[in-house]
Amino acid sequence: MGHDVFEITINSVKMLVIFLLMVQLVPVLVWVERRGSAFIQSRLGPNRVGPLGLTQLLADAVKFLQKEEFLPEHGYGLIFYAAPILALIPAALAFASIPLSAPIHINQFLWNGHSFGPYDFEFQSFHFGVGIVYVLGVSSLGAYSLLMAGWGSSNKYSLMGALRASAQTISYELALGLSLVGAIMVFGTFDFSEMIHFQSQPLTSLLGVHFNIPALNWGIFYQPLGAILYFAATFAETNRLPFDLPEAEGELVAGYHTEYGGLKMLMFYIGEYGHMMVGSALMVTFYFGGYLIPGMTVEQVHNLLGTWLHIGANPLAIVTALVLHVVFFIKVLFFLWVFVWVRWTLPRFRYDQLMDLGWKTMLPWALANVIITAGWMLFKGMH
Amino acid sequence: MMPLFAALALLFFVAIFGAALLLVAKLLSTRSKPSKVKSEAYECGLPEQSTGNTKIPVKFYLTAILFILFDIEIIFMYPWAVSFRDFAARGAGFYAFGVMGIFLLIFIFGLFWEVKSRALEWE
């Protein structure tokens, strides 16, 4: 965590801030989802509370807080109450290990008569060398929360929804895990920071055309099929339409969270949106260059900002990191918007179609992607 | 070791955060007045037909078992994938691909057999 008090404090605060960032993005996403859905359907959506309806969720949260708490008659209390807490954990843990911006190097400085530094801070809560293995492992824990919610409420619709949800989640986890194998082969690493380092190199040729654009060596140019498979599997992992079978209102009342209300329901929402955020952030990190600005390396951004703003080296490093952080979030928000967009574009699948798509279409295609990638790397010589 | 402790610390923090949220909701909410009808399982407002202890299709169990098999097979591909570039750079790419090819053939055979034996049919 660090070598002196300053570094340990910064790292602890950073962990807290990244977690709260994730939680605080949820109201914004709910607003985007509701307004976006409304505009796609030629409605206005919530626009009465605050400017553009932005404070709608604040009002909702107050209402959530006042809701009566009760346990269903045959429910199992411990499991019933633990499920919403467990829904928060996978998303929070996975999101914490994704680099949100370029690492910051702070030179030695004097403060209060003491000399501090030099420090190197990373814009992620913790840096695992096996980043992607850790994220996949942690996000599979989400299935437990679904099953516990279904089992704990002791309602047959909840149980059916939970079973469907967990069967769907684990089925698409195969396609998701296998679609990332191709990307790992191209990058040759599990480490997110090294993946972004690979993508920060210049792109020199594409489909036989030669050019030279800095910082555009993105994964999407090496793994187009893998990117499509990964993103499709993410929709199923997060139980979003067109794969929202667990919540099919016509068949099951509301799926695994039928018996939940108030703040417990909100926690399931935070978990689901957090999962979407992790999926989009991974999509950006793997295939769309993470926090990189196309055409500009991190050093170029740093130097450009240095010529614009005449500030010291330490504030400049922080400003650069914040600018790249904004770039990362613009990319992530685009993919989050795609989640809303797809929701109102594609109809829901039938359950057997869903399972067929996962096992018989996406799994073989992901396998083919691995073989194609290996062959391409051997014959085109990409080392 | 350090990131592991940081992750554990975050795990405990999130768990306590979630529990604290539930506690706050409990304290701020209106007094709970359970009644016979209110604490029944919600089934679209109709009288409760059955509790959650219903029979579960064995299909879900089969899916879970198949998932474990295939997931382990995919996990075995990860170390190979991460070192494939090094193998190719040192001229052992075809060897590495050939060795993995045998494993992939077994994987594909397993998938094919599974589809053929109708283990994945949902009706």
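Residues numbered from 1 in each chain as written. Chains lettered and ligands numbered in written order. Predicted model: local features only at pLDDT ≥ 70, side-chain atom pairs only at ≥ 80, totals over all residues.

## A look at the overall build of chain B
The criterion, for reference: Going along the chain from the N terminus, every DSSP run of H or I of four or more residues is numbered as a helix, and every run of E of two or more is numbered as a strand. The quantity called the radius of gyration is restricted to C-alpha atoms. Its globule counterpart is 2.2 Å times the number of residues to the power 0.38. To sort residues by burial, count the other C-beta atoms lying within 10 Å of each one's C-beta; a count of 20 or more means buried, 12 or fewer means exposed, and anything in between means partly exposed. C-beta atoms are built from the backbone.
A count of helical and extended segments in chain B gives three helices and zero strands. When the helices and strands of chain B are placed in sequence order, the string is α-α-α. The globule rule puts the C-alpha radius of gyration for 123 residues at 14 Å, and the 25 Å found for chain B is more than 25% above it. Each of the three principal axes of chain B carries a C-alpha extent, and together these read 75 × 50 × 15 Å. Across the 123 residues of chain B, 17% fall into the buried class.

## Describing the confidence of the model for chain B
Low pLDDT means the predicted coordinates in that region are not meant to be read closely. Residue and element names in this part refer to chain B. Short version of the rule: For every residue, the predictor assigns a confidence score, pLDDT, that lies between 0 and 100.
Chain-level pLDDT for chain B is 84 on average; 95% of the residues reach the 70-or-more range. No element of chain B has a lower mean pLDDT than helix α1 (residues 2-28), at 86, and none a higher one than helix α3 (residues 93-116), at 90. Confidence metrics for the complex model read pTM 0.90 and ipTM 0.88.

## Side note on helix α8 (residues 224-237) of chain A
In an α-helix, one turn spans 3.6 residues, which is why side chains three or four residues apart end up on the same side. Residue and element names in this part refer to chain A. Note the threshold: An expected span of 1.5 Å times one less than the residue number is assigned to each helix. Residues are treated as contacting if the C-beta atoms built from their backbones sit within 7 Å of each other.
For α8, spanning 14 residues, the distance from its first C-alpha to its last is 20 Å, which sits close to the expected 20 Å at 1.5 Å a residue. Residues of α8 that are buried include every one of Gly226, Ala227, Leu229, Tyr230, Phe231, Ala232, Ala233, Thr234, Phe235, Ala236 and Glu237, and no others. At its buried positions, α8 is contacted by α6 (156-187), α9 (262-287), α11 (313-343) and α12 (351-379). One or two positions beyond α8, positive phi appears at Asn239, with a value near 55 degrees.

## Topic: the packing of helix α3 (residues 77-96) of chain A against helix α5 (residues 142-153) of chain A
Residue and element names in this part refer to chain A. How we decide: Angles here are taken between N-to-C directions and fall from 0 to 180 degrees, while the axes themselves are lines fitted to C-alpha atoms, restricted in helices to the stretch in contact. Roughly parallel means an angle under 35 degrees; roughly antiparallel, over 145; roughly perpendicular, 65 to 115; everything else is oblique. Crossing handedness is read from the near helix: turned anticlockwise from the far helix by less than a right angle, it gives a left-handed crossing, and turned clockwise, a right-handed one.
Where α3 contacts α5, the two axes come as close as 8 Å, and the packing angle between them is 160 degrees. Between α3 and α5, the interaxial angle falls into the category roughly antiparallel. Between α3 and α5 the crossing geometry is left-handed. Of α5, the residues touching α3 (which contributes Ile79, Phe80, Ala82, Ala83, Leu86, Ala87 and Pro90) are Gly142, Tyr144, Ser145, Met148, Ala149, Trp151, Gly152 and Ser153.

## A few points about the packing of α3(A) against α1(B)
So the rule is basically this: Lys, Arg, Asp and Glu make up the charged group, whereas Ala, Val, Leu, Ile, Met, Phe, Trp, Tyr, Cys and Pro make up the nonpolar group; the residues left over, Gly among them, are polar.
It is at 9 Å that the axes of α3(A) and α1(B) come closest, and there the two elements cross at 145 degrees. The hand of the α3(A)/α1(B) crossing is right-handed. Touching A:Tyr81, A:Pro84, A:Ile85, A:Leu88, A:Ile89, A:Ala92, A:Leu93 and A:Ala96 of α3(A) are B:Ala7, B:Leu10, B:Leu11, B:Val14, B:Ala15, B:Gly18, B:Ala19 and B:Leu22, all from α1(B). Residues of the contact of α3(A) with α1(B), tallied by class, amount to 15 nonpolar, one polar and no charged.

## Side note on the interface of chain B and chain A
Chain B puts 57 residues into the contact, and the matching count from chain A is 66 residues. When residues of the side of chain B that touches chain A are traced back to their parent elements, those giving at least two are α1, α2 (58-89) and α3 of chain B. With 16 residues, α2(B) is the single largest residue contributor to the side of chain B that touches chain A. Broken down by class, the residue content of the side of chain B that touches chain A amounts to 38 nonpolar, 11 polar and eight charged.

## Brief notes about the pairing of strand β6 (residues 209-213) of chain A
All names here are of chain A. As a reminder of what qualifies: Only strands joined by at least two bridges in the DSSP assignment are considered to pair.
Counting buried positions over the five residues of β6 gives zero, only a small fraction of the element. Bridge count between strand β5 (residues 203-206) and β6: three bridges; the pairing is antiparallel. Looking across to β6, one finds that Ser205 is bridged to His210.

## Concerning the environment of A:Pro214
Note that A:Pro214 resides in the loop between β6 and α8. Setting aside residues no more than four positions away along its own chain, A:Pro214 makes contact with A:Pro202, A:Gly295, A:Met296 and A:Thr297.

## Quick look at the nonpolar core
Residues and elements named next belong to chain A. Rule in force here: Put simply, a nonpolar core is a cluster of buried Ala, Val, Leu, Ile, Met, Phe, Trp, Tyr and Cys residues tied together by C-beta atoms within 7 Å.
By size, the foremost hydrophobic cluster in this structure holds 133 residues, and its most contacted members are Ala92, Phe95, Ala175, Ile184 and Met277. Here the element with the most residues in this core is α6; it accounts for 20 residues. Ignoring sequence-local partners within four residues, the contact set of Phe95 consists of Ile18, Met22, Gly274, Met277, Val278 and Ala281.

## Structural notes on helix α7 (residues 192-199) of chain A
Residues and elements named next belong to chain A. How we decide: Within this analysis, the arc is defined by the directions that extend from the helix axis to the C-beta atoms.
Among the residues of α7, Phe192, Met195, Ile196 and Gln199 are the ones counted as buried. Angular distribution of buried residues about the axis of α7 spans 95 degrees; they occupy a single face of the element. Next to the buried residues of α7 lie α4 (131-139), α6 and α9.

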